[in-house]
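The residues making up each chain are set out below.
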Amino acid sequence: MIKHSLPLAALAPVALLSLAACAVVPNAGPVVDSSREVAQQGSVVPLLQPVQLGQRTVVTPMRVTEDSRCPQGVQCIQAGRVIVETRIDGPGWRQTQPLTLGEPHSVRGITVTLASVEPEQRADPQVKSAEYRFAFEGG
């Protein structure tokens, strides 16, 4: 026979607290841990600037992983694309996804679209990370 130092009834509150810590609260706001204030929906934002998207979603452009758009004033065979690694925060969850300009992405019942990227690509000098600005749609 195993002897417990605490009665089983005393362990019940500890078990409940452990389970509660893992619960997703449906009416909670998105998880955001940025030193920057969250920009209003519809704002054009730089890298690492969180922006509200719908009532319960915040997106943050983290880094440009591809910008193969045709530079201004150059004739190209293919238009190219922009891909931005984007953090998507919702109530009790976080996901990072590569978003391609103009292509909707669905996650946890919401659709997020990288709607615009500024400035236009140029041949010389190339666009620097600090110059980029992004707009998102969805939520």
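This text goes with the structure placed above it.
The residue numbers shown here count from 1 along each chain, following its written sequence. The predicted nature of this model means local features are confined to residues of pLDDT at least 70 and side-chain atom pairs, given and counted, to a pLDDT of 80 or more, with totals for whole chains, interfaces and linings taken over all residues. Excluded from the side-chain calculations are hydrogens and water; all other atoms, namely the structure's heavy atoms, are used.

(A) Quick look at the side chain of Asp 67. Position of Asp 67 among the secondary structure elements: in strand β2 (residues 58–67). By relative accessible area, which is 18% here, Asp 67 ends up buried. Contacts described as polar in this section are N or O atom pairs within 3.5 Å, which, within protein, must combine one atom able to donate a hydrogen with one able to accept it, while residues neighboring in sequence count only if both atoms come from side chains. At a separation of 2.8 Å, a polar atom in the side chain of Asp 67 contacts the side chain of Arg 69. Here the side chain of Asp 67 touches Tyr 132 through a polar contact of 2.6 Å, side chain to side chain. What Asp 67 contacts, discounting residues up to four positions off in sequence, is Arg 81, Val 82, Gln 121 and Tyr 132. Secondary structure elements follow DSSP: runs of H or I no shorter than four residues count as helices, runs of E no shorter than two count as strands, and numbering proceeds from the N terminus. Note on exposure labels: buried denotes an accessible area under 20% of the residue type's maximum, exposed denotes more than 50%, and partly exposed covers the range between, all computed with a 1.4 Å probe on protein chains only. Should any heavy atoms of two residues lie within 4.5 Å, those residues are considered in contact.

(B) Region of interest: the sheet that holds strand β1 (residues 51–52). Pairing within the open sheet is antiparallel, and its 4 strands lie in the order β1-β2-β3-β4. Of all the strands in the sheet, just β1 and β4 (93–100) have a single pairing partner and so form its edges. Criterion used throughout: strands pair if DSSP finds at least two bridges between them.

(C) Geometry of the environment of Val 64. Structurally, the position occupied by Val 64 is in strand β2. Classification of Val 64 as partly exposed rests on a relative accessible area of 23%. If near-sequence neighbours (up to four positions away) are discounted, Val 64 is found in contact with Leu 47, Ile 83, Val 84, Tyr 132 and Phe 134.

(D) A look at the pairing of strand β3 (residues 82–90). Here β3 lies mainly inside the structure; 9 of its 9 residues are buried. Burial of β3 is two-sided: the residues Val 82, Val 84, Thr 86, Ile 88 and Gly 90 facing one way and the residues Ile 83, Glu 85, Arg 87 and Asp 89 facing the other way are all buried. The pairing of β2 with β3 spans 8 bridges and is antiparallel. Within β3, the residue paired with Asp 67 across the bridge is Val 82.

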